[in-house]
Amino acid sequence: MEEEICRDLPLLLSSFVDTFVDFSVGGLFLPQSSNPYPDSSSVSDSLPSSPHLATRLPAPDRLIAVGDLHGDLQKSKEALRLAGLIDASDRWAGGTATVVQIGDVLDRGGDELKILYFLEKLKREAEKSGGTIITMNGNHEVMNVEGDFRYVTEEGLDEFRVWADWYCIGNAMKSLCDGLEKPKDPFCGIPFKFLGVKEELYHSIRCRIAALRPDGPISVRFLSENQTVLVVGDSVFVHGGLLPKHVFYGLERINEEVRDWINGLRGRFSPEYLRGRHSVVWLRKFSHELAQNCDCSTLEHVLATIPGAKRMIMGHTIQETGINGACGNRAIRIDVGMSRGCINGLPEVLEIKGNSELRVLTSNPSYRNEPLAADRKEGLGLLLPEPGPQPVQVKV
């Protein structure tokens, strides 16, 4: 018995340290995960990636799509509450619902890590109830893994500085245990100075690079298992958009290559299909706020090449009028700029129940004078309109 305790003691210490760091950074305790390697800091460098990321899933009874969150934890929670996915104590309350967050958690706000931790907590809680939360990579996740910090706020830099402080304290504690492999230095190879950057920000920049670069502790843990392209039932999810060449290249191949890049297996720079205005995370061909300016013929061609696909659901481009559809509702645009770092838009989410019509759940007070649906305490279900002067129909 004593031998077993002694043998397990290093792993118990490592688990305690990881929990201590998580709480210090994220402000919460993560429920136990079914993933045997939930924390990259305890995974051997030689551990291979899981062979597949789910790219195609059957239609659930209830599907909720959430747009760009951009570092605003309060607005993120408001959006989830609109759909009854979390309760007043911020615990999962969505039952067996499936949630897809379309990417762009990072940048423009100071709660980036807190959102990543919060979504990870909800993933684990949802799993125990038969629910699913799927997070995706947006262009801002790609930019940060590449070290492009143009849209980072000082609050965001400070959050990662605090993470690095606690992470290094945790590593120092682990290094005192003879039964544990010596932790890697997360700052290895990172320069101490940066051209055109204020000297007082040097350390915070180094911390962010250490966390988010390929094979970084935060990128591996929270971003590497994100999908970049996803098909759920008859809906295709992608942050920017898909072109025929992307479908021809292979949706599964894209997901696996992006995962391997984030895990540090494919060099420093992202694959070509993640770069430039025609990439899967930057494309805006189907997201113009004026529906008549969208490239509907290309969209039709893309959907026709994906078996069973009826629509493409995208974020990336802010829709000041709220969630809407174009191209006969074949293009659904769900980025409402809800973050205070964007346009401080009113939270909205998209709901799809089985094969029924699409509905927008909104906090817009303009619709609060209508009776609420009996099965919801907050928000209204709106038939999805195309942009323009036509009236919004309220489903009650």
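Conventions used here
Residues numbered from 1 in each chain as written. Predicted model: local features only at pLDDT ≥ 70, side-chain atom pairs only at ≥ 80, totals over all residues. Heavy atoms only, no water. Helix = DSSP H or I, 4+ residues; strand = E, 2+ residues; numbered from the N terminus. Buried < 20%, exposed > 50% of the residue type's maximum accessible area, 1.4 Å probe, protein only. Contact = heavy atoms within 4.5 Å. Pairing = 2+ DSSP bridges. Axes fitted to C-alpha atoms, helices over the stretch in contact; angles between N-to-C directions. Phe/Tyr/Trp six-rings, centres within 6.5 Å; stacked < 30°, edge-to-face > 60°. Lys NZ or Arg CZ within 6 Å of the ring centre and 35° of its normal. Disulfide = S-S within 2.5 Å.

A. Quick look at the environment of L303. Along the chain, the position of L303 falls in helix 10 (residues 296–304). With relative accessibility at 2%, the residue L303 sits in the buried group. Those residues in contact with L303, other than ones at most four positions away along the chain, are V236, A309, K310, R311, M312 and R330.

B. Representation of the sheet that holds strand 8 (residues 324–326). Spatially, the six strands line up as an open sheet ordered 1-5-6-7-9-8, and their pairing is mixed. Strands with a single pairing partner mark the edges of an open sheet, and in this sheet they are strand 1 (56–57) and strand 8. As paired strands, strand 5 (residues 229–232) and strand 6 (residues 235–238) are joined by four bridges and run antiparallel to one another. Across the sheet, the residue bridging to V232 is S235, located in strand 6. Against the sheet, helix 9 (residues 251–262) contacts strand 1 and strand 5, and its axis sits at roughly 135 degrees relative to strand 5. The strands touched by helix 10 are strand 6, strand 7 (311–314) and strand 9 (331–333); relative to strand 7, the strand with the most contacts, the crossing angle is about 110 degrees.

C. Structural context of the packing of aromatic side chains. Applying the stated rule across the entire model yields six aromatic pairs. Residues Y117 and F222 carry aromatic rings whose centres are separated by 5.0 Å and whose planes lie at 65 degrees to one another, so their mutual orientation is edge-to-face. Taken together, the residues span a long stretch of sequence, with Y117 in helix 3 (residues 112–128) and F222 in helix 7 (residues 217–223) at a distance of 105 residues. Both residues of the pair, Y117 and F222, belong to the buried class. Over the aromatic face of F192 sits the side chain of R206, whose NZ or CZ is 4.1 Å from the ring centroid.

D. Structural context of the state of the cysteines. Scanning the model with the defined rule gives one disulfide in all. Each sulfur of the disulfide joining C296 and C327 lies 2.0 Å from the other. When the S-S torsion is -85 degrees, as for the bridge of C296 with C327, the disulfide is left-handed. On the criterion of sequence distance, the pair formed by C296 in helix 10 and C327 in the loop between strand 8 and strand 9 is long-range, its members being 31 residues apart. Under the relative-accessibility criterion, C327 is labelled buried at 12%. With no disulfide of its own, C168 lies 7.3 Å from the sulfur of C207, the closest cysteine sulfur.

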